[in-house]
Amino acid sequence: SGRGVPCLRCRGLCMGFEPHSWRKMCKSCKCSQEEHGLSSELDDDLKLGRLLSGSRFSSLTARLKGGDGARLYKRNRMIVTNPNISGKDPTFDTVTYEWAPPGLTQKLAMQYMELLPPELQPVAGTEGAWHRRRRLARQLPLHDQDPAQCRGLGEGEQPLMEEFVSKYKAEALGVGEVALPGQGGAGKDEEKPQDKSTEPSRAPESPNGALESTTGTGNYRCDSCQQPVPGDCPVVYADRAGYSRQWHPGCFVCCRCSEPLVDLIYFWKGGAAWCGRHYCESLRPRCAGCDEIIFSEDYQQVEGLAWHNKHFACLECETLLLGKPFALANASLLCTTCSQSR
């Protein structure tokens, strides 16, 4: 509560985050929470711990001591130490990656990183690390999994949301696996449906820690760009897609927004990988006012956008606009008075 970090987009014009009562934005500058960089690393790891707990990927989490049963994401950081012998006395340069695919040798993990554009490599203190946390906030909003974070739920709708979350964890949620071509899932050529092939709460076993580079290209192609994949370059597998399909590291993106899937966390639907945000929106409408999924069947819809009835209000003066004239500007509602003053 109170003023937080100054807005990154407003470049000093907004002096700090002023939380709105129900909108996921700053009351002062109207920018989103993510523009103010409010979440901490611990907040992010708790959010992912909550998302993955209760799924077959819960092995990627650990119980937080004194956390009332909360689980923490075991984010795999990677520290690389390189000798610097250019000077008289040798020194060492240390590079920390805020996230790296788990279960790999450092050599294979570094190959994976080098196949990403430099601006997406999550090196601590760089633009790549900032982009990772931005995508984490955008693709996996906490209010898509935790009813306690929602202000739009009506009476009796919390069980509907809990069922919604439980269902997508069981039927769609996945975490990509990195391996060399032909060696994903212990080299299995998947034939059976992936949703039933692994016991709940257990991540698929991977032999990647012992993998070394191989030669030859084989007949492997990226499922997205359809370009050949060299046999000694790591690729991404999605177990829900089956192990006959693989992606270049830079091609494993959301089918809707084309953004790289943060920490390889995906949701599988219709033969494609989705980010969490757009997967949820493909099943239920999202309120353009509070950014939450709408579980009521009674809501407002205008030009492809949806609102909870109680959030169908002017962005500036908060006047409820049900049955009143309004203007729609950049996906935001304005009453006629505020629209004219703009």
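Residues numbered from 1 in each chain as written. Predicted model: local features only at pLDDT ≥ 70, side-chain atom pairs only at ≥ 80, totals over all residues. Heavy atoms only, no water.

A. Summary view of the overall build of the chain. If you tally the helices and strands in the chain, you get six helices and 13 strands. Across the 342 residues of the chain, 46% fall into the buried class. The contacts in the chain between residues at least 6 apart in sequence include a share of 52% that link residues at least 24 apart. For the chain, the accessible surface area stands at approximately 17500 Å², while carbon and sulfur atoms represent 49% of it. (Helix = DSSP H or I, 4+ residues; strand = E, 2+ residues; numbered from the N terminus. Buried < 20%, exposed > 50% of the residue type's maximum accessible area, 1.4 Å probe, protein only. Contact = heavy atoms within 4.5 Å. Areas by Shrake-Rupley, 256 points an atom, 1.4 Å probe, with all protein chains shown as cover.)

B. Main features of the packing of aromatic side chains. Scanning all chains against the criterion turns up 13 aromatic pairs. Judged by centre distance (5.4 Å) and plane angle (80°), the rings of Tyr168 and Phe267 are edge-to-face. One end of the pair, Tyr168, is in helix 4 (residues 158–171); the other, Phe267, is in strand 8 (residues 265–269), with 99 residues separating them in the sequence. Here Tyr168 and Phe267 have matching classes, each one buried. Seen in terms of ring centroids, Tyr168 and Tyr279 are 6.4 Å apart; in terms of plane orientation they differ by 90°. Their pairing is edge-to-face. Of the two residues, Tyr168 is situated in helix 4 and Tyr279 in helix 5 (residues 276–283); the sequence distance between them amounts to 111 residues. One exposure class covers both Tyr168 and Tyr279, and it is buried. Grouping aromatic residues by their ring pairs yields a cluster made of Phe164, Tyr168, Phe267, Tyr279 and Phe295. In this arrangement the basic side chain of Lys269 is found over the ring face of Trp274, its NZ or CZ atom lying 5.5 Å from the centre. (Phe/Tyr/Trp six-rings, centres within 6.5 Å; stacked < 30°, edge-to-face > 60°. Lys NZ or Arg CZ within 6 Å of the ring centre and 35° of its normal.)

C. Focus on the pattern of salt bridges. All chains considered together, the criterion is met by 16 salt bridges. The closest approach of N and O atoms between Arg75 and Glu41, which form a salt bridge, is 3.4 Å. Within this pair, whereas Arg75 is found in the loop between strand 2 (71–73) and strand 3 (78–84), its partner Glu41 is found in helix 1 (residues 41–52), the two being separated by 34 residues in sequence. The class for Arg75 is buried, based on a relative accessible area of 8%. (Salt bridge = Lys/Arg side-chain N within 4 Å of Asp/Glu carboxyl O.)

D. Representation of the confidence of the model for the chain. Mean pLDDT over the chain works out to 86, with 85% of the residues at or above the 70 mark. Low pLDDT, under 50, characterises residues 189–217; the predicted model gives this stretch 67 contacts beyond four residues in sequence or across chains. (pLDDT = per-residue confidence, 0-100.)

E. Examining the nonpolar core more closely. Counting 59 residues, the largest nonpolar core has Phe252 and Phe267 as the members making the most contacts within it. Ranked by the residues each element gives to this core, the list is headed by helix 2 (residues 106–114), at five residues. Aside from chain neighbours lying at most four places away, what touches Phe252 is Val236, Ala238, Trp247, Pro260, Leu261, Leu264, Tyr266 and Ala273. Residues Cys290, Leu315, Leu333 and Cys335 belong to the second largest nonpolar core, which totals 16 residues. (Core = buried A, V, L, I, M, F, W, Y, C linked by side-chain atoms within 4.5 Å.)

F. Local environment of the sheet that holds strand 8. What the three strands build is an open sheet, ordered 5-8-9; its pairing is antiparallel. In this open sheet, the two strands that pair with only one neighbour each are strand 5 (173–175) and strand 9 (272–274). The mean inter-strand angle of the sheet, taken between neighbouring strand axes irrespective of direction, is 45°. Of the strands in this sheet, strand 8 and strand 9 touch helix 5, which is tilted by about 25° from strand 8. (Pairing = 2+ DSSP bridges. Axes fitted to C-alpha atoms, helices over the stretch in contact; angles between N-to-C directions.)

G. Representation of helix 2 in the model. Of the positions making up helix 2, those classed as buried are Leu108, Ala109, Met110, Gln111, Tyr112 and Met113. Tucked inside the fold, the buried residues of helix 2 contact strand 3, strand 4 (91–97), strand 6 (177–179) and strand 7 (235–237).

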